[in-house]
Protein chains: 2
Amino acid sequence: MGEFMTETQQRPAGALPSTETLERHRPIATDIDGGPGPLEGPEAVVILERVRASVDPELRAALESLPPSMRRVALYHFGWEHPDGTPAAGNAGKAIRPALVLTAAAAFGGPAARAAAVRAAVAVELVHNFTLLHDDVMDRDTLRRHRPTAWTVFGDADAILAGDALQALALRLLAEDPHPASTAAAARLAACVIELCTGQHADTAMEKRGPGDIGLDEVLGMAEAKTGALLGCACAIGALYAGAPEEDVTALDAFGREAGLAFQLIDDVIGIWGDPGHTGKPAGADLAARKKSLPVVAALTSGGPAAAELAALYEMPYDKEDLQATALAVERAGGRDWAQAQAADRMARAMQELARAVPEPEQAGGLLALAEYVTRRSN
Amino acid sequence: MGEFMTETQQRPAGALPSTETLERHRPIATDIDGGPGPLEGPEAVVILERVRASVDPELRAALESLPPSMRRVALYHFGWEHPDGTPAAGNAGKAIRPALVLTAAAAFGGPAARAAAVRAAVAVELVHNFTLLHDDVMDRDTLRRHRPTAWTVFGDADAILAGDALQALALRLLAEDPHPASTAAAARLAACVIELCTGQHADTAMEKRGPGDIGLDEVLGMAEAKTGALLGCACAIGALYAGAPEEDVTALDAFGREAGLAFQLIDDVIGIWGDPGHTGKPAGADLAARKKSLPVVAALTSGGPAAAELAALYEMPYDKEDLQATALAVERAGGRDWAQAQAADRMARAMQELARAVPEPEQAGGLLALAEYVTRRSN
């Protein structure tokens, strides 16, 4: 959710500082995702392509099963139809979450577990997209994956209803899945939805408060609920579908959560200092919107003159002339360094959790590649 | 949903014409709902009181398990808290749907089945309330159970999120319920949510269209999806929890659907000709709002001069002077007679489905009493 919505944007490489842990886990095998055939090209890109190939037919069939009024909005949202119902090329995002489900299943149970988890991967992707539909309504966002958001095309009511229907469809798929792990997966996914809601609530509530009223723990908690929770849940469900023991499921959840937080930290850094040519939004867009992103809150809560200067700037309406000064104040107050160090720390924790649950590098390689991909370390 | 939201309003007795079928099924036993102790007072009222006593502790515990930000909105919506979080007397509606779950379970499996179905009854009630929260946002309704709607108190975003969380909580309860029927119930409930969404979509879409563009089948289909589907689902889930065979589950679903349609027809009649002292809203409120309710659409599609007169009146903005003439036009075009005959027909069909699945009157008595109650025939 949040910044993670902009998943189709390009990120500059190398934003995350290197850690020794990352190097230790470099994949050594070529077949690291349990998918069919050998890998060619960058691992994560190949994994994601294979995931789309596995997931899209099931996802499409699930959406086609919806009654016409819900199907229309859903197929538009997923990029498979134009507003008038004619077919579109499709741009349903990168499928990071289904990739985590399938790659986690493969890490514990090989290709058979991966194949058995496709329906669960579809369920996770449906939940993600239900939250996107609703978040766009609440945030009045007008663009999603380079197209007008569903509520701008169909109105608030239909966007809300389509989101409701996608949540129901996700949990229906799991309830109808005869796999022995499907019930535990449904309980986990439903619990995750509640956490996603608290994250979105915290985000919208914080945007209404003054910049001096927000603590760093609070904004980290929000990011974990809004972005980390579903990545963790996706990994945990993959592990469940492979019959992994409870402690490994828990470790995989933590892996996904930490990687998700690392992603969010890097994404927030890019939202201030990123290259507009790569990110698709002007550098400083988050500052212009007075967004209380992670580096900004870290800077604001750091004490000292730069923090005070930033707070004063944030209290004033946006002025283009102040953009440079604002970014500089965040940097001088330590916001950038903190965010990058935190991101590295989170990735290190993610790697530890992964190594605990999946000690063999050839089995862990796919998940590692995906974690690096979402934080744009490689790619 | 829709008019069924106003479930705490009083309806005049005797709105539904008597049918022979109803008489045939008058309960002959005193313990018709599988609840503890003998019945005293009107059957349905006693059943509903017992259901509240069984369901409220579990419902409350489920809501208390929500994170604070979601819990706050939910407890307010259910009437257990004031907006500031202080305790309130509580007015969570009449619990018709949980009553149908528990009474259907008792009809097939007696007190043990009724006791085992409490969690499922809570899940159904959570789904109903999730739709109320969202419908109020979409319809901009400002009152619910005599209190300001959640979105007017907490804003659109929190009302949408609390609704999302209640849907997730409902399906989480079922996923965590070890009862052998819980997975089938979850699949059924999730499918029902999708149908509810189509009903609400049809309702909002129809309100935007001209009165001449709406067919009778269309508005009946909308009412079935919006009101009948969840009543049918509640009955079916109760039967599932009692281990009833598939054909009886199907019959119970049909029973709830038909009773729900009968309710909607009677409710629409009252929305035009009802006694304001009983209904809590002025007579003709639906006409003033230019609502395309069932009797109105029946009148509009009847052909003849009264239909044309009504169409002309509906095209014009509301004028208090025209109210009497509008109601008279609906009546002269046959809208009232049609609605009452349809309601009787639907109740007869409901009774047939019930008799098919539960031939023994002493077992069917509770469900019969509830069906009569929602259509306000007795009480």
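Cut-offs applied
- Residues numbered from 1 in each chain as written.
- Chains lettered and ligands numbered in written order.
- Predicted model: local features only at pLDDT ≥ 70, side-chain atom pairs only at ≥ 80, totals over all residues.
- Heavy atoms only, no water.
- Helix = DSSP H or I, 4+ residues; strand = E, 2+ residues; numbered from the N terminus.
- Buried < 20%, exposed > 50% of the residue type's maximum accessible area, 1.4 Å probe, protein only.
- Contact = heavy atoms within 4.5 Å.
- Areas by Shrake-Rupley, 256 points an atom, 1.4 Å probe, with all protein chains shown as cover.
- Phe/Tyr/Trp six-rings, centres within 6.5 Å; stacked < 30°, edge-to-face > 60°.
- Lys NZ or Arg CZ within 6 Å of the ring centre and 35° of its normal.
- pLDDT = per-residue confidence, 0-100.
- Salt bridge = Lys/Arg side-chain N within 4 Å of Asp/Glu carboxyl O.
- Buried area = accessible area lost by both parts, 1.4 Å probe.
- Polar contact = N/O pair within 3.5 Å; in protein donor to acceptor, adjacent residues only side chain to side chain.
- Nonpolar A, V, L, I, M, F, W, Y, C, P; charged D, E, K, R; others polar.
- Core = buried A, V, L, I, M, F, W, Y, C linked by side-chain atoms within 4.5 Å.
- Least-squares fit on C-alpha atoms with pLDDT ≥ 70 in both.
- Axes fitted to C-alpha atoms, helices over the stretch in contact; angles between N-to-C directions.
- Parallel < 35°, antiparallel > 145°, perpendicular 65-115°, else oblique.
- Left-handed = near helix turned anticlockwise from the far one by under 90°.
- Arc of directions from axis to C-beta.

The next thing to look at is the overall build of chain A. Summing up its helical and strand segments, chain A has 17 helices and 2 strands in all. For chain A, with 379 residues in total, the buried portion stands at 63%. Considering only contacts within chain A whose residues lie at least 6 apart along the sequence, 74% involve residues at least 24 apart. Roughly 13000 Å² of accessible area belongs to chain A as shown, and the carbon and sulfur atoms make up 54% of that amount.

Turning our eyes to something else, we now look at the packing of aromatic side chains. Residues and elements named next belong to chain A. One pass over the full model with this rule turns up 4 aromatic pairs over all chains. Ring geometry for tyrosine 76 against phenylalanine 154: centres 5.5 Å apart, planes inclined by 70 degrees, an arrangement best described as edge-to-face. Of this pair, tyrosine 76 sits in helix α3 (residues 68-77) while phenylalanine 154 sits in helix α6 (residues 150-154), placing them 78 residues apart in sequence. Take tyrosine 76: its relative accessible area is 3%, and that puts it in the buried class. Ring centres 6.0 Å apart and planes at 15 degrees place the aromatic pair phenylalanine 78 and tryptophan 80 in the stacked group. The burial state of phenylalanine 78 is the same as that of tryptophan 80; both residues are buried. Cation over ring: arginine 140 sits above tryptophan 151, and NZ or CZ is 3.8 Å from the ring centre.

Turning to the confidence of the model for chain A, a few remarks are in order. For chain A, the average pLDDT comes to 88, and 87% of its residues sit at 70 or higher. In the predicted structure, residues 1-30 of chain A sits below a pLDDT of 50 and forms 100 contacts with residues beyond four places in sequence or in another chain.

Another point: the pattern of salt bridges. For side chains bearing opposite charge, pairing can occur when the charged atoms are close. Tallied over the full model, the rule gives 36 salt bridges over all chains. B:Glu64 is the partner of B:Arg60 in a salt bridge, and the nearest nitrogen-oxygen pair spans 3.2 Å. With B:Arg60 and B:Glu64 both in helix α2 (residues 43-64) and 4 residues apart, this pair spans about one turn of that helix. For B:Glu64, a relative accessible area of 35% translates into the label partly exposed. A salt bridge links B:Arg349 to B:Glu258; the shortest N-O distance between them is 3.8 Å. Here B:Glu258 lies in helix α10 (residues 246-273) and B:Arg349 lies in helix α16 (residues 335-357), a separation of 91 residues in the sequence. Residues participating in the shared-partner salt-bridge network are A:Arg188, A:Glu195, A:Glu224, A:Glu246, A:Asp253 and A:Arg257.

Chain B puts 33 residues into the contact, and the matching count from chain A is 33 residues. Buried area between chain B and chain A, summed over both chains or domains, comes out near 2800 Å², and the portion from carbon and sulfur atoms is 76%. At the surface where chain B touches chain A, the tally comes to 0 salt bridges. Scanning the region where chain B abuts chain A turns up 8 residue pairs in polar contact (both at pLDDT 80 or more). Of the residues contributing to the side of chain B that touches chain A, the split by class is 21 nonpolar, 8 polar and 4 charged.

Attention shifts here to the nonpolar core. One finds A:Leu63, A:Leu126, A:Leu166, B:Leu63, B:Leu126 and B:Leu166 to be the most contacted residues of the largest nonpolar core, which totals 202 residues. Those residues in contact with A:Leu166 that lie beyond four places of it in its chain are A:Leu63, A:Leu66, A:Ala74, A:Phe78, A:Leu126, A:Asn129, A:Phe130 and A:Leu133.

The next point concerns the side chain of A:Thr204. Among the structural elements, A:Thr204 can be located in helix α8 (residues 182-207). Excluding residues within four positions of it along the chain, A:Thr204 makes contact with A:Asp139 and B:Ala157.

Side chains three or four residues apart in an α-helix point the same way, a direct result of the helix having 3.6 residues per turn. All names here are of chain B. Of all 10 residues in helix α3 (residues 68-77), 7 are buried, a share of seventy percent or more. Among the residues of α3, Ser69, Met70, Val73, Ala74, Leu75, Tyr76 and His77 are the ones counted as buried. Downstream of α3 by one or two residues, glycine 79 has phi in the positive range, about 85 degrees.

You can overlay chain B on chain A at an RMSD of 0.0 Å; the transform is a turn of 180 degrees with a shift of 0.0 Å along its axis. Seen this way, the second copy is the image of the first under a two-fold rotation axis. A share of 100% of the interface residues of chain B reappears at the interface of chain A, consistent with the copies meeting face to face through the same patch.

Moving on: the packing of α2(B) against helix α5 (residues 118-139) of chain B. All names here are of chain B. Where α2 contacts α5, the two axes come as close as 9 Å, and the packing angle between them is 65 degrees. Judged by the inter-axis angle, α2 sits roughly perpendicular to α5. Once α2 is placed against α5, the crossing between them reads as right-handed. Of α5, the residues touching α2 (which contributes Arg52, Ser54, Val55, Glu58, Leu59, Ala62 and Leu63) are Val118, Ala121, Val122, Glu125 and Leu126. Taken together, the residues that form the contact of α2 with α5 break down as 8 nonpolar, 1 polar and 3 charged.

What follows covers helix α15 (residues 323-332) of chain B. Residues and elements named next belong to chain B. Of the residues making up α15, those classed as buried are Leu323, Thr326, Ala327, Ala329 and Val330. For α15, the angular spread of buried residues about the axis comes to 155 degrees, placing them on one side. For α15, the secondary structure elements touched by its buried residues are α10, α12 (285-288), α13 (294-300), α14 (305-315) and α16.

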